[in-house]
Amino acid sequence: TTEIYTLSLHDALPISDSTFMQVLLAVVVVSFVFWFATPQGDVAAEVANVNGTRIMTPDVEREMRRQFAGRSPNGDEEYARAQAMVVDSLVDRELVRQAAVDAGLMLDVDRDSRISWSVAQTRGSNRQFLDENGEFDEELYRAGIRYLGYTADEYEALLQKQSLITKMQRLMSYSVVVPDAMLRSAYEEMETKARLRFVRLRPANFNDEVDLADAVVETWIAENPGSVEAEYSATQDSLTTPEQVNVRMIVFKLTGDGQGAAELRPRMQGFKDEIEASDNPDATMDELARKWSEHVTADDGGSLGTLATTDLSEDVLEGIDGLEVGQLSDIKFAGSMIALYLLNERTEARTPPIEDVRLDIASRLMRERQTPALAATFAEELQATWTADGAAPMARLEELRLVVQTSSMLNKQSPPGALAPPASMVSAALNASPGDVLPEVYQSGEALYVGVVDSIERADMGRFEQEREAILRSVVQQRRGEFLRAYVDDLKAQANL
């Protein structure tokens with residue numbers, strides 16, 4: 001007989017704990033100012049179409065702001081990846097909304113306010129709309145949504161839509177059941193753990209193994225015509241030393257309750273006149289900056305040192321724009337400060353000619369192309385030697401600056417780490433015995449792993465009944481995520497996108 005287990009709504013874990021559900025739901029509004037702020041102007045464009053329902057750029061932009069939470073993306077690649085994920089998430093949510101409508105799903109609506117109970121709860125929990133006593137304030141609410149550019153009907157329609165999606169997802173997820181055999185198997189899998197001793201090696205460990213004698217490099221260049229030239233063109237920006245400047249500055253701060261521009265400008269003009277009349281302008285400015293400047297550089301005589309122009313602020317760049325070496329700037333106003341700049345040095349940007357760097361470029365290319373094969377060959381030799389001798393070749397590992405590491409106790413659910421053994425290696429260890437050298441070379445990214453099982457802890461099935469409820473919660477949560485992912489994938493396969 002197969003026993004079937006499910007969870008009541010009262011006992012169930014929050015559905016949003018599932019990784020997939022966190023992505024799919026994404027509906028708990030923390031700050032509606034960011035979530036529902038709409039770009040002004042006629043800038044909307046269609047980015048996706050789900051069975052005739054359009055997803056527009058403002059929808060994507062709102063979610064992107066939430067994703068990055070005020071920070072800037074680390075380059076175009078991260079932004080493009082995040083944007084693609086956001087579009088996929090919005091498509092998924094729209095598919096679930098449409099499925100809810102097709103299924104005739106409705107929200108419980110208060111007859112007087114015409115707002116569903118879930119929308120009223122979400123709206124009423126937003127701190128933007130609460131008075132000093134923590135009570136929902138209708139006037140604050142109306143003013144807030146007007147500021148966001150919404151009517152009450154438009155704003156509440158958005159919340160109604162999201163509540164409908166949430167209700168559909170909950171109803172679908174609670175149909176998940178877990179057979180007893182699956183529960184026992186999950187317990188055994190979670191409670192069986194292994195500790196590994198392993199070597200993690202990367203191509204970079206074999207840089208010194210590549211022969212880079214000048215004659216060898218010259219031969220490689222001859223055998224790979226055009227390679228150095230192509231790499232030089234592709235990496236010219238990184239080879240270029242940017243323009244550098246040496247700048248000294250005097251700064252006064254403009255404050256609302258202190259001296260203003262009318263008082264400080266004549267004072268700064270006096271400093272400028274004194275510096276220009278000096279036989280040693282740099283020394284004079286150094287002395288004045290130490291005594292009077294209100295910038296953090298005052299203790300250094302106002303000197304920023306020698307910096308690449310790419311490291312300077314926009315204010316400084318604007319202040320020294322067009323100056324010749326040894327020349328003072330005009331008096332500059334920027335934000336809450338008034339400044340005077342002296343340009344002491346300027347070194348133009350320089351890109352070395354290819355003749356100066358051809359051997360360096362060729363050497364780097366040789367390493368990049370040869371070290372992965374060297375790493376793979378050594379990993380296979382290491383695995384074979386460890387198996388035959390029952391011990392790792394420590395002397396050779398030391399030559400390559402490699403070490404034998406020991407992991408913590410790991411199971412199949414252990415979160416992956418940047419330096420941890422890959423999941424495939426852990427799975428193999430769980431099916432082996434202590435002392436066994438694992439039969440393969442495992443890979444994670446560019447890193448290769450070779451190892452031995454140090455110890456095993458088997459699941460104590462005698463404790464299964466004690467742990468049944470906790471295991472049930474975990475397995476149901478996992479199954480819900482898998483079920484909903486499969487459900488949405490099926491909707492997507494049938495949709496007109």
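Use the structure listed above.
Below is a short write-up of the structure. As the structure is a prediction and not an experimental result, all values here were calculated from the model.

1. Comments concerning the overall build of the protein chain
Right, so step 1: Helix and strand counts for the protein chain come out as 18 helices and twelve strands.
Right, so step 2: Across the 497 residues in the protein chain, those meeting the buried criterion constitute 38%.
Right, so step 3: Put simply, 72% of the contacts in the protein chain that link residues at least 6 apart link residues at least 24 apart.
Right, so step 4: Split by element, the accessible area of the protein chain, about 28200 Å² in all, is 48% carbon and sulfur.

2. A look at the packing of aromatic side chains
We describe a pair of aromatic rings using the distance from one ring centre to the other and the angle between the two ring planes.
Right, so step 1: Tallying each qualifying case throughout the model produces six aromatic pairs.
Right, so step 2: Aromatic side chains Phe 198 and Tyr 449 sit 5.9 Å apart centroid to centroid with 40 degrees between the ring planes, which places their arrangement in the tilted category. Of this pair, Phe 198 sits in strand 5 (residues 193-201) while Tyr 449 sits in strand 12 (residues 447-457), and the two are 251 residues apart along the sequence.
Right, so step 3: For Phe 198, a relative accessible area of 3% puts it in the buried group.
Right, so step 4: The exposure class of Tyr 449 is buried, given its relative accessible area of 1%.
Right, so step 5: Grouping aromatic residues by their ring pairs yields a cluster made of Phe 129, Phe 136 and Tyr 141.

3. Side note on helix 8 (residues 180-191)
Right, so step 1: With twelve residues, helix 8 ought to run about 16 Å at 1.5 Å a step, and its terminal C-alpha atoms sit 17 Å apart, in line with that.
Right, so step 2: Those residues of helix 8 lying buried are Asp 180, Leu 183, Ala 186 and Tyr 187. End-on, the buried residues of helix 8 take up no more than an arc of 120 degrees, which puts them together on one face.

4. Describing the packing of helix 6 (residues 138-147) against helix 7 (residues 152-173)
Right, so step 1: Packing of helix 6 against helix 7 brings their axes to within 9 Å, and their N-to-C directions diverge by 90 degrees. Of the possible angle classes, the one that applies to helix 6 and helix 7 is roughly perpendicular. Where helix 6 approaches helix 7, its residues Tyr 141, Arg 142 and Ile 145 are matched on the opposing element by Ala 152, Tyr 155 and Glu 156.

5. Comments concerning the pairing of strand 6 (residues 244-253)
Right, so step 1: Within strand 6, eight of the ten residues are buried, leaving the element largely enclosed by the surrounding structure.
Right, so step 2: In terms of strand pairing, strand 6 meets strand 7 (residues 303-308) through five bridges, oriented antiparallel. Within the sheet, the bridge partner assigned to Val 245 lies in strand 7 and is Leu 307.
Right, so step 3: Sheet analysis places strand 6 next to strand 9 (residues 337-347), joined by ten bridges and oriented antiparallel. From the neighbouring strand, Val 251 faces strand 9, where its bridge partner is Ala 339.

6. Considerations on a negative patch on the surface
Right, so step 1: Together, Glu 314, Asp 315, Glu 318 and Asp 321 line one region of the surface with negative charge.
Right, so step 2: On the basis of relative accessibility, which here comes to 55%, the residue Glu 318 falls in the exposed class.

7. Details of the packing of helix 4 (residues 75-102) against helix 18 (residues 464-494)
Right, so step 1: Contact geometry for helix 4 and helix 18: axes closest at 10 Å, N-to-C directions at 85 degrees. Considering their axes alone, helix 4 and helix 18 lie roughly perpendicular with respect to each other. Residue-level inspection shows Val 91, Asp 92, Leu 95, Val 96 and Ala 99 of helix 4 in contact with helix 18, the latter providing Arg 485, Tyr 487, Val 488, Leu 491 and Lys 492.
Right, so step 2: For the contact of helix 4 with helix 18, the residue count by class is seven nonpolar, no polar and three charged.

8. What to know about the environment of Ser 173
Right, so step 1: In this structure, Ser 173 sits in helix 7.
Right, so step 2: Residue Ser 173 is classed as buried on the basis of its relative accessible area, which comes to 0%.
Right, so step 3: A sequence separation of 303 residues divides Ser 173 from Val 476, and the C-alpha atoms of the two residues are 9.2 Å apart.

9. Side note on the sheet that holds strand 10 (residues 404-406)
Right, so step 1: Read from one edge to the other, the open sheet built from four strands follows the order 10-5-12-11, with strand pairing classed as antiparallel. Two strands lie at the open edges of the sheet, namely strand 10 and strand 11 (442-444), each paired on one side alone. Here the strands of the sheet are splayed against their neighbours by 40 degrees on average, with no regard to which way each runs.
Right, so step 2: In terms of strand pairing, strand 5 meets strand 10 through three bridges, oriented antiparallel. Across the sheet, the residue bridging to Arg 197 is Thr 406, located in strand 10.

10. Examining the pattern of salt bridges
Right, so step 1: All told, the structure shown has 27 salt bridges when counted by the stated rule.
Right, so step 2: Across the salt bridge formed by Asp 454 and Arg 197, the nearest N and O atoms sit 3.3 Å from each other. Of this pair, Asp 454 sits in strand 12 while Arg 197 sits in strand 5; the two residues are 257 residues apart in sequence, bridging distant segments of the chain.
Right, so step 3: Judged by its relative accessible area of 32%, Asp 454 is partly exposed.
Right, so step 4: In this structure Arg 197 comes out as partly exposed when scored by relative accessible area, which is 31%.
Right, so step 5: Across the salt bridge formed by Arg 364 and Glu 368, the nearest N and O atoms sit 3.7 Å from each other. Placement of both Arg 364 and Glu 368 in helix 15 (residues 354-389) is noted, with a separation of four residues, approximately one turn of the helix.
Right, so step 6: Relative accessible area serves as the criterion here: at 30%, Arg 364 is assigned to the partly exposed category.
Right, so step 7: Taken together, the shared-partner salt bridges in this structure form one network comprising Asp 92, Arg 485, Asp 489 and Lys 492.

11. Section: the pairing of strand 5
Regular strands place their side chains on alternate faces of the sheet.
Right, so step 1: One ladder, built from nine bridges, connects strand 5 with strand 12; its direction is antiparallel. Across the sheet, residue Ala 194 finds its bridge partner in strand 12, namely Ile 456.

Conventions adopted
Residues numbered from 1 in each chain as written. Predicted model: local features only at pLDDT ≥ 70, side-chain atom pairs only at ≥ 80, totals over all residues. Heavy atoms only, no water. Helix = DSSP H or I, 4+ residues; strand = E, 2+ residues; numbered from the N terminus. Buried < 20%, exposed > 50% of the residue type's maximum accessible area, 1.4 Å probe, protein only. Contact = heavy atoms within 4.5 Å. Areas by Shrake-Rupley, 256 points an atom, 1.4 Å probe, with all protein chains shown as cover. Phe/Tyr/Trp six-rings, centres within 6.5 Å; stacked < 30°, edge-to-face > 60°. Expected span 1.5 Å × (residues − 1). Arc of directions from axis to C-beta. Axes fitted to C-alpha atoms, helices over the stretch in contact; angles between N-to-C directions. Parallel < 35°, antiparallel > 145°, perpendicular 65-115°, else oblique. Pairing = 2+ DSSP bridges. Patch = residues over 30% accessible without salt bridge, like charges linked within 9 Å, V, L, I, M, F, W, Y side chains within 5 Å. Salt bridge = Lys/Arg side-chain N within 4 Å of Asp/Glu carboxyl O. Lys, Arg positive; Asp, Glu negative; His and termini not counted. Charge placed at Lys NZ, Arg CZ, Asp CG, Glu CD. Nonpolar A, V, L, I, M, F, W, Y, C, P; charged D, E, K, R; others polar.

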